[in-house]
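Each chain is listed here by its residues.
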Amino acid sequence: MTTAEELTVGDVVAEASVELSRDALVRYAGASGDFNPIHYRDDVAASVGLPGVLAHGMLTMGVAVQPVVDWIGDPGRIVDYQVRFTRPVVVDPESGARLEITAKVGKLDADADADADADPGTARIDLTVAYDGQTVLGKAQVVVRL
Amino acid sequence: MPPTEPYLVGREKVREFARAVFATNPVNLDPDAARAAGYSDVVAPTTFPIVIQQLTLDRLLAEPDTGIDFSRVVHGDQRFSYSRPIVAGDLLTAQLTVTSVKTLGGNAMVTAESVITDEHGEHVVTATSTLVVRGED
């Protein structure tokens with residue numbers, strides 16, 4: 001099991017590269033119940049002035065945390081997760097959109113007074129999610145129980 | 001607004017959502033792996049409460065007096081703060097509160113908080129969303 005002592009702020013704990021296709025957007029629409037047509041219809045996206053069909057922000061958010069889940073080994077140890085959606089992810093009908101995800105230790109919070117074996121504390125993992133060379137999420141922070 | 005109808009978290013819904021967000025962790029997908037990790041059934045992915053929050057937001061957007069055009073709604077930010085993980089079999093109720101409405105340069109920013117509790121009334125997770133309604137061009 002990971003403990004706070006084994007981690008240093010700035011450590012890269014996980015990296016991933018994920019391709020979102022139009023199929024992935026349709027699958028996410030069905031699974032989430034978000035049927036906003038800007039996520040699957042080019043004509044609707046164009047009519048409201050968007051550069052193309054966009055990935056659901058919540059799909060990007062959901063995908064971006066997976067490398068952290070795989071690193072920590074148990075999805076139940078994620079206690080807080082927040083993101084700001086700063087730039088849209090335009091999903092090309094043929095080539096899709098590739099997300100590059102990097103997860104780094106942002107902050108360690110081990111209770112100095114507590115017995116380290118009883119309460120190993122929490123870590124804040126900061127995510128960088130880039131698409132086409134630019135970040136698409138801001139203040140993307142995951143708090144995990146170590 | 002009154003709380004939502006209780007939402008029963010189904011195992012197959014959790015697995016469907018997990019596949020849709022590219023989750024590969026067996027605790028999300030395989031009941032045996034989840035039990036081995038100490039859970040009663042598969043654990044929902046971190047962003048799963050959006051399924052329940054979506055139901056509450058749909059009701060908000062469907063209110064005739066909001067005047068919100070669905071295709072002009074953009075997600076500004078999102079947060080999930082957990083007291084415990086969601087597992088298949090949970091019976092959850094969401095209470096939506098609009099905590100802030102701001103207008104900024106022709107856009108409206110609406111912050112809504114869904115407090116999600118289990119059948120014992122215990123807090124499970126709070127989902128907070130800021131939606132930006134873009135003004136007419």
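Everything below is about the structure printed above this text.
Residues numbered from 1 in each chain as written. Chains lettered and ligands numbered in written order. Predicted model: local features only at pLDDT ≥ 70, side-chain atom pairs only at ≥ 80, totals over all residues. Heavy atoms only, no water.

Thoughts on the overall build of chain A
Then, number 1: Helix and strand counts for chain A stand at four helices and six strands.
Then, number 2: Counting helices and strands in the order they occur from the N terminus, chain A gives β-α-α-α-α-β-β-β-β-β.
Then, number 3: Its C-alpha atoms give chain A principal-axis dimensions of about 60 × 30 × 20 Å.
Then, number 4: In chain A, the share of contacts with a sequence separation of at least 24, taken over all contacts with a separation of at least 6, comes to 70%.
Then, number 5: With an accessible surface of roughly 6,500 Å², chain A has 45% of that area assigned to carbon and sulfur atoms.
Then, number 6: For chain A, the centre of its 12 positive side-chain charges and the centre of its 23 negative side-chain charges are spaced 6 Å apart. (Helix = DSSP H or I, 4+ residues; strand = E, 2+ residues; numbered from the N terminus. Contact = heavy atoms within 4.5 Å. Areas by Shrake-Rupley, 256 points an atom, 1.4 Å probe, with all protein chains shown as cover. Lys, Arg positive; Asp, Glu negative; His and termini not counted. Charge placed at Lys NZ, Arg CZ, Asp CG, Glu CD.)

Things to note about the interface of chain A and chain B
Then, number 1: Listed by partner, the interface residues are 40 residues for chain A and 33 residues for chain B.
Then, number 2: Summing the contributions of chain A and of chain B, the shared interface buries around 3,000 Å²; its carbon and sulfur component is 56%.
Then, number 3: For the pair chain A and chain B, the interface holds one salt bridge.
Then, number 4: Ionic pairing is found between D80(A) and R79(B), a salt bridge with its closest N-O pair at 3.0 Å.
Then, number 5: Remark: the boundary between chain A and chain B carries 10 residue pairs in polar contact (both at pLDDT 80 or more).
Then, number 6: Listed by contribution, the elements that provide at least two residues to the side of chain A that touches chain B are β1 (12-20), α1 (22-32), α3 (57-64), α4 (66-72) and β2 (78-85) of chain A.
Then, number 7: Element by element, the count of residues in the side of chain A that touches chain B is highest for β2(A), at eight residues. (Buried area = accessible area lost by both parts, 1.4 Å probe. Salt bridge = Lys/Arg side-chain N within 4 Å of Asp/Glu carboxyl O. Polar contact = N/O pair within 3.5 Å; in protein donor to acceptor, adjacent residues only side chain to side chain.)

Description of the packing of α1(A) against helix α1 (residues 11-20) of chain B
Then, number 1: For the pair α1(A) and α1(B), interaxial distance at closest approach is 9 Å and the crossing angle is 150°. Here α1(A) is positioned roughly antiparallel relative to α1(B), judged by the angle of their axes. As for how α1(A) packs across α1(B), the hand of that crossing is left-handed. Where α1(A) approaches α1(B), its residues R27(A), Y28(A), G30(A), A31(A) and S32(A) are matched on the opposing element by K13(B), E16(B), F17(B) and A20(B).
Then, number 2: Residue composition of the contact of α1(A) with α1(B), by class: four nonpolar, two polar and three charged. (Axes fitted to C-alpha atoms, helices over the stretch in contact; angles between N-to-C directions. Parallel < 35°, antiparallel > 145°, perpendicular 65-115°, else oblique. Left-handed = near helix turned anticlockwise from the far one by under 90°. Nonpolar A, V, L, I, M, F, W, Y, C, P; charged D, E, K, R; others polar.)

Considerations on the side chain of Q66(A)
Then, number 1: Within the element layout of this structure, Q66(A) appears in helix α4.
Then, number 2: What Q66(A) contacts, discounting residues up to four positions off in sequence, is V21(B), F22(B), A23(B), T24(B) and N28(B).

Examining the nonpolar core
Then, number 1: By size, the foremost hydrophobic cluster in this structure holds 71 residues, and its most contacted members are Y81(A), I125(A), L127(A), V142(A), V144(A), F48(B) and I86(B).
Then, number 2: Leave out the neighbours within four places in its chain, and I86(B) touches V9(B), V42(B), V43(B), A44(B), F48(B), P49(B), L92(B), V124(B) and V125(B).
Then, number 3: By size, the runner-up hydrophobic cluster in this structure holds seven residues, among which are L57(B), L60(B), V73(B) and V133(B). (Core = buried A, V, L, I, M, F, W, Y, C linked by side-chain atoms within 4.5 Å. Buried < 20%, exposed > 50% of the residue type's maximum accessible area, 1.4 Å probe, protein only.)

A short note on the packing of aromatic side chains
Then, number 1: According to the stated counting rule, one finds three aromatic pairs over all chains in the structure shown.
Then, number 2: Residues Y7(B) and F48(B) carry aromatic rings whose centres are separated by 6.4 Å and whose planes lie at 65° to one another, so their mutual orientation is edge-to-face. Of this pair, Y7(B) sits in strand β1 (residues 7-8) while F48(B) is found in the loop between α3 (31-36) and α4 (49-62), placing the two residues 41 residues apart along the sequence. The exposure classification of Y7(B) matches that of F48(B), with both residues buried.
Then, number 3: Put simply, the rings of Y28(A), Y7(B), F17(B) and F48(B) pair up and form one aromatic cluster. (Phe/Tyr/Trp six-rings, centres within 6.5 Å; stacked < 30°, edge-to-face > 60°.)

Side note on the pairing of strand β3 (residues 91-104) of chain B
Consecutive side chains along a regular strand alternate between the two faces of the sheet.
All names here are of chain B.
Then, number 1: Sheet analysis places β1 next to β3, joined by two bridges and oriented antiparallel. What sits directly across from L8, in β3, is L91.
Then, number 2: Linkage of β3 to strand β4 (residues 107-117), two consecutive antiparallel strands, is achieved through a turn of two residues, within which G105 is found at a positive phi near 55°. (Pairing = 2+ DSSP bridges.)

Here we look at the environment of A130(A)
Then, number 1: Inspection of the secondary structure puts A130(A) in strand β4 (residues 122-131).
Then, number 2: Sequence separation between A130(A) and L99(A) is 31 residues, and the spatial gap between their C-alpha atoms is 5.7 Å.

Details of the pattern of salt bridges
Any two side chains of opposite charge can pair, given that their charged atoms come close.
Then, number 1: According to the stated counting rule, one finds 11 salt bridges over all chains in the structure shown.
Then, number 2: The partner of D126(A) in a salt bridge is R124(A), and the shortest N-O contact between them spans 2.9 Å.
Then, number 3: What makes D126(A) partly exposed here is its relative accessible area of 24%.
Then, number 4: Residue classification places R124(A) among the partly exposed residues on the basis of a relative accessible area of 24%.
Then, number 5: We note a salt bridge from D41(B) to R11(B), for which the minimum N-O separation is 3.0 Å. Linking D41(B) in the loop between α3 and α4 with R11(B) in helix α1, this pair joins segments that are 30 residues apart in sequence.
Then, number 6: For R11(B), a relative accessible area of 34% gives the class partly exposed.
Then, number 7: The structure contains a network of salt bridges with shared partners spanning R84(B), D90(B) and D118(B).

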